[in-house]
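Now for the letters of each chain:
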Amino acid sequence: MVGKVSERVLLREGLERTDNGMKLTTWPDVAPINQKNYYTDYMKRDDQVLALRLQNDATRDRLVQGARDRDRLLSKPANGELPLPVPDLTEEDGAATPSGGVDPSRIIVIHPGSQNLRIGFASDALPRTIPTTLATKFPQTESEMYEALPRRQFEAKTTDQQYGEEWSKKYSKMCSELKSEMRANKRKVLPNSKELVQTFNRRTEPEIIEKHNDPLEIEWTDVKTLEDPDSLASCFIGNDALRVPDDSDPKFKLWWPLRYGWWNEDEYSSQEHLYDDFETLLDKALRQELGLTTNSEWQQYSCVFVIPDLYDKKYVEQILRSCMTWFEFNKVCFVQEGIAATFGAGYTQACVVDVGAQKTSVTCVEDGLCIEDSRINMKYGGYDITETFIKMMLYDNFPYQDINLQRRYDFLLAEELKIKHCTMSQADISVQVYNFHVRAPNQSTRKYTFKTYDEVILSAMGVFDPSIFDNSAKLRGRRKLVERSYNAYDVEIPDDPASAAQLAILALVKPSIMSSANGPSQSQSQSQLEVSTPSKERSQPFNFLGRGENGVNGTPAGSHTGSPAPEGNGTPAPYIFGAGKEALNVDSPAPSGSRATGTPVPGQLSQYSQAPSGMFVDSNARSATDIAVERDGVLPMAPLDIAILTSIQNAAKGDDKKLRDLLGSIMVIGGGSKIPQFTVVLEEKIKARRPDLYDRILVSRSARDMDEQVVAWKGASVFAKLSTNDSWITPFEFERLGARTLHHKVLWAW
């Protein structure tokens, strides 16, 4: 044992102490955390979230200001009388002034659609409606750049070759089915009606009307009135754009920023061009339609923006960015179309069926919120009916064979013919003689006489058989410019909102969507695979099963996140109306892909259910992105009655009372549903699918005899006037948090 060594020895050895005993640092020592008992309150209180803290501060300031105003009034009463508490009465009323005392005339409500944009002040009775299109200078017009619509082979000798044998067979089958149904309903059916129509139309020649004899001559847009003729950025919007002559000098091309309810990525070559066109459209609409000509005025206005129920997050984030940076609105809030529709109609609970121009959505709304698993978004609408109607007329020797919906005046003519003649009433089906005028720029007016028979009803009935529509180009260019949104914490998991009902619609078109997403559960046994999901494709995507298999077997209730990723784990399979019990309506796991081990079928024991996580990894398991890519490649199309029942079943989740309530409150809105007898035929179709609930099913239009096209906009204007609305987003919040503020501000789970 070595004793104490003297300093002299240490000095000789070079080990003497030379420090002064001070600490090496002044940084305070941190005591180690007790691993057995530690706690944090980080992000667990509202006052730690900026958006919620600002909201609470605004509420407190409003209460303080209200108390001060009340004290001031009480201290100086007029004639010794206490004044009435008028501010309290207006707040309770809920429709006088919105939160913060904002005047409704200072709130702009915007509802963009694929074909029409509706914009106006919240105090207006009705919005301004303009086509969602711009016309800019371009070397070629859209009719020169793209093939003619309806698509046909102009060189073909027979009509079957011209429109394709498959489509001709579908059309002939629909004709024969309609004839049988009309006979069953005791309606008069002439045996040679089709031949009469075809023969008459083939022999009809146009009558030329000189310009001075045409009382309804169209006033075309004068391209010389462009704001800045030398600038390529100058453009016409709305009706002015549609009235630009196709043979103008210089030439103009129409751009449609929105198509089929999402960004029109097919016709644009860059993301900047697409966003810029949409912002320019709104910019000019504010100036020309609302009279807000100076940018400084916009900062005094708030904006309510209507978005789809089943939206793309990138779309909403871009809209928010445009409103805050381009327009610099005072504040912005978002409302979903289904919620806005119930506000506009005054319903508390409804199944909202919105038939737009190119998109049809079905959503069940309860107590002012969308039921997330009930949302369906299908890619057909009134424009498809227009195109199919013209296609059927051309098949029956329509006298104006050169019609092309890519030409502006032909597109307007086709819309006019559909509005005038299309119907769903079998009582109106007979050989009828009509006439129409073709007014082309710098040409004499041509008057045509033509006959129609069953084309007027069969084109409209396409919503119950969407395979008759031309669906070849609807997915072209999808995800070409705008990438899908991904989870902020796991960047490999897409987080766009998904719906069990939407997945069911995709599975009807392509059943392998369900089986391919079930991960390693597929490798357990062939028998389990046969029970959970079908193993082969159907030959006919829309070959739905008969009416007998329509029992009430809803989806088991389960916990769903607000905006579940398409690859949620452990979620019960969605209810698919029309699929047999041996196929998709059993308790098979919903698509999983966010973790490697998958989710086994409930009620079945396997090695995966007992082994630790990560021990067994399926080498064939596909990533969440791969599954999302596969789903993006499937066009959501299904008969409207099938879609409505699928949506309601996924909303009810086995609750028989809710199922009956929703079936009794189906509300049809949207311009595509303005065809006569649309709701009557839809109700009959749904009753035929569910005869056990025949007396409970009720399909109606919106209340108060309101135009179906403006119900959602009107509901958004009502929403804007609410006295308490915590969903407003201010520029300060957007500057600090960016698009992340949507998570705290929107009324549904973001």
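Residues numbered from 1 in each chain as written. Predicted model: local features only at pLDDT ≥ 70, side-chain atom pairs only at ≥ 80, totals over all residues. Heavy atoms only, no water.

An unreviewed UniProt entry lists the protein under the name Chromatin remodeling complex subunit (Arp8), putative, with Metarhizium acridum given as the organism. Its UniProt record gives the protein a comment under Sequence similarities (unreviewed entry), which states: "Belongs to the actin family." (UniProt positions renumbered as here; feature names shortened; annotations may be inferred.)

Asks: What should I look at first to understand the pairing of strand E7 (residues 252-255) in this one?
Replies: Two faces make up the sheet, and in a regular strand the side chains alternate between them. Every second residue of E7 is oriented toward a common face, with Phe-252 and Leu-254 on one face and Lys-253 and Trp-255 on the other, all of them buried. Across four bridges, the pairing between strand E4 (residues 134-137) and E7 is antiparallel. The residue of E7 that forms the bridge with Thr-136 is Lys-253. (Buried < 20%, exposed > 50% of the residue type's maximum accessible area, 1.4 Å probe, protein only. Helix = DSSP H or I, 4+ residues; strand = E, 2+ residues; numbered from the N terminus. Pairing = 2+ DSSP bridges.)

Asks: What am I meant to see in the packing of aromatic side chains here?
Replies: Here a ring pair, both rings aromatic, is described through the centre-centre distance and the interplanar angle of the planes. What the rule picks out here adds up to 28 aromatic pairs. Ring geometry for Tyr-311 versus Trp-750: centroids 5.5 Å apart, planes at 15°, classification stacked. With Tyr-311 in the loop between strand E10 (302-307) and helix H11 (313-326) and Trp-750 in the segment after helix H26 (741-745), this pair connects stretches of sequence that are 439 residues apart. For the pair formed by Tyr-311 and Trp-750, the shared burial category is buried. (Phe/Tyr/Trp six-rings, centres within 6.5 Å; stacked < 30°, edge-to-face > 60°.)

Asks: How should I be thinking about the sheet that holds strand E11 (residues 332-336) in this particular structure?
Replies: Sheet strands associate in pairs through backbone hydrogen bonding, adopting either a parallel or an antiparallel arrangement. The five strands are arranged E3-E2-E1-E10-E11 in an open sheet whose pairing can be described as mixed. The two strands at the open ends of the sheet, each matched to only one other strand, are strand E3 (128-131) and E11. Direction aside, the axes of adjacent strands within the sheet are offset by 20° on average. With four bridges connecting them, strand E2 (residues 116-121) and E3 associate as antiparallel partners. For Asn-116, the partnering residue across the bridge sits in E3 and is Pro-131. Contacting strand E1 (107-112), E10 and E11, H11 crosses the sheet at an angle of about 165° to E10. (Axes fitted to C-alpha atoms, helices over the stretch in contact; angles between N-to-C directions. Contact = heavy atoms within 4.5 Å.)

Asks: What is the right way to read the packing of helix H16 (residues 500-509) against helix H21 (residues 640-652) from this model?
Replies: Relative placement of two packed helices is described by the angle separating their axes and the distance separating the axes. It is at 9 Å that the axes of H16 and H21 come closest, and there the two elements cross at 140°. Put simply, H16 runs oblique to H21. Crossing geometry of H16 relative to H21 is assigned as right-handed. The segment H16 lies against H21, with Ala-500, Ala-501, Ala-504, Ile-505 and Leu-508 engaging Ile-642, Ala-643, Thr-646, Ser-647 and Asn-650. Across the contact of H16 with H21, the residue classes break down as seven nonpolar, three polar and no charged. (Parallel < 35°, antiparallel > 145°, perpendicular 65-115°, else oblique. Left-handed = near helix turned anticlockwise from the far one by under 90°. Nonpolar A, V, L, I, M, F, W, Y, C, P; charged D, E, K, R; others polar.)

Asks: Can you help me understand the nonpolar core in this one?
Replies: Within soluble globular proteins, side chains that are nonpolar generally end up buried alongside one another. Ranked by internal contacts, the top residues of the largest apolar core, which has 102 residues, are Leu-640 and Ile-644. Discounting chain neighbours no more than four positions away, the residues touching Leu-640 are Val-353, Val-355, Thr-360, Val-362, Met-378, Tyr-380, Val-463, Phe-464, Phe-678 and Leu-682. One finds Ile-108, Leu-281, Phe-305 and Phe-734 within the second-largest nonpolar core, a separate group that totals 46 residues. (Core = buried A, V, L, I, M, F, W, Y, C linked by side-chain atoms within 4.5 Å.)

Asks: What is the right way to read the pairing of strand E18 (residues 666-669) from this model?
Replies: Taking every second residue as pointing to the same face, both faces of E18 are buried, with Ile-666 and Val-668 on one and Met-667 and Ile-669 on the other. Pairing between strand E12 (residues 349-355) and E18: four bridges, direction parallel. Across the sheet, the residue bridging to Val-352 is Met-667, located in E18. Pairing between E18 and strand E19 (residues 699-701): three bridges, direction parallel.

Asks: Looking at this structure, how should I read the sheet that holds strand E6 (residues 235-237)?
Replies: With respect to topology, three strands assemble into an open sheet ordered E6-E4-E7, the strand pairing being antiparallel. Every other strand in the sheet has two partners, leaving E6 and E7 as the edge strands with one partner each. Geometrically, the sheet is characterised by an average inter-axis angle of 25° between neighbouring strands, direction not taken into account. For E4 and E6, the ladder comprises three bridges, and the chain directions are antiparallel. Its bridge partner being in E6, Ala-135 is matched across the sheet by Phe-236.

Asks: What am I meant to see in the side chain of Asn-264 here?
Replies: Note that Asn-264 resides in the loop between strand E9 (262-263) and helix H9 (271-288). Asn-264 sits in the buried class, given a relative accessible area of 4%. Side-chain polar atoms of Asn-264 contact the backbone oxygen of Trp-256, separated by 2.7 Å. If sequence neighbours within four positions are ignored, Asn-264 has contacts with Trp-256, Pro-257, Leu-258, Arg-259 and Leu-274. (Polar contact = N/O pair within 3.5 Å; in protein donor to acceptor, adjacent residues only side chain to side chain.)

Asks: Can you walk me through the environment of Leu-310 in this structure?
Replies: Tracing the backbone through its elements, the reader meets Leu-310 in the loop between E10 and H11. On the basis of relative accessibility, which here comes to 15%, the residue Leu-310 falls in the buried class. In this structure the C-alpha to C-alpha distance between Leu-310 and Gly-261, which are 49 residues apart in sequence, comes to 9.8 Å.

Asks: Mind showing me how you'd approach unusual backbone geometry here?
Replies: Most peptide bonds adopt trans geometry, and most residues besides glycine take a negative phi value. Along the chain, Leu-149 connects to Pro-150 via a cis peptide bond; the corresponding omega equals -5°. Its location among the elements puts Pro-150 in the loop between helix H4 (142-145) and helix H5 (159-163). The peptide bond linking Asp-249 to Pro-250 adopts the cis configuration, its omega dihedral lying at 5°. Non-glycine residue Lys-186 carries a positive phi angle of around 60°. With respect to the element layout, Lys-186 can be found in the loop between helix H6 (165-184) and helix H7 (193-203).

Asks: Explain helix H2 (residues 50-75) to me, please; I cannot follow it from the model alone.
Replies: For an α-helix, 3.6 residues make a turn, and residues three or four places apart therefore share a direction. Here H2 spans 37 Å end to end across 26 residues, near enough to the 38 Å set by a 1.5 Å rise per residue. Leu-50, Ala-51 and Gln-55 are the residues of H2 that are buried. The inward-facing, buried residues of H2 contact helix H25 (731-737) and H26. (Expected span 1.5 Å × (residues − 1).)

Asks: What should I look at first to understand the packing of H6 against helix H13 (residues 382-395) in this one?
Replies: The contact between H6 and H13 brings their axes to 12 Å, and the two run at 90°. Judged by the inter-axis angle, H6 sits roughly perpendicular to H13. Side by side, H6 and H13 meet where Trp-167, Ser-168 and Tyr-171 of the first sit next to Lys-391, Met-392 and Tyr-395 of the second. Taken together, the residues that form the contact of H6 with H13 break down as four nonpolar, one polar and one charged.

Asks: Looking at this structure, how should I read the pattern of salt bridges?
Replies: Side chains carrying opposite charge are able to pair once their charged atoms draw close together. Taken as a whole, this structure holds 45 salt bridges when the rule is applied. Arg-476 is paired through a salt bridge with Asp-266; the nearest N and O atoms lie 3.0 Å apart. Of this pair, Arg-476 sits in the loop between helix H15 (455-458) and H16 while Asp-266 sits in the loop between E9 and H9; the two residues are 210 residues apart in sequence, bridging distant segments of the chain. You can call Arg-476 partly exposed: its relative accessible area is 46%. (Salt bridge = Lys/Arg side-chain N within 4 Å of Asp/Glu carboxyl O.)

Asks: What am I meant to see in the confidence of the model for the protein here?
Replies: Predicted coordinates in regions of low pLDDT should not be interpreted in detail. Summing up the model confidence of the protein, the mean pLDDT is 84 and the portion of residues at 70 or higher is 83%. The element-level mean pLDDT for the protein is lowest in helix H18 (residues 526-532), coming to 35, with E1 highest at 98. For the stretch residues 86-99, pLDDT sits under 50, and the model shows 23 contacts to residues farther than four places along the chain or on other chains. This stretch, residues 581-615, has a pLDDT under 50; its non-local contacts, to residues over four places away or in other chains, come to 91 contacts. (pLDDT = per-residue confidence, 0-100.)

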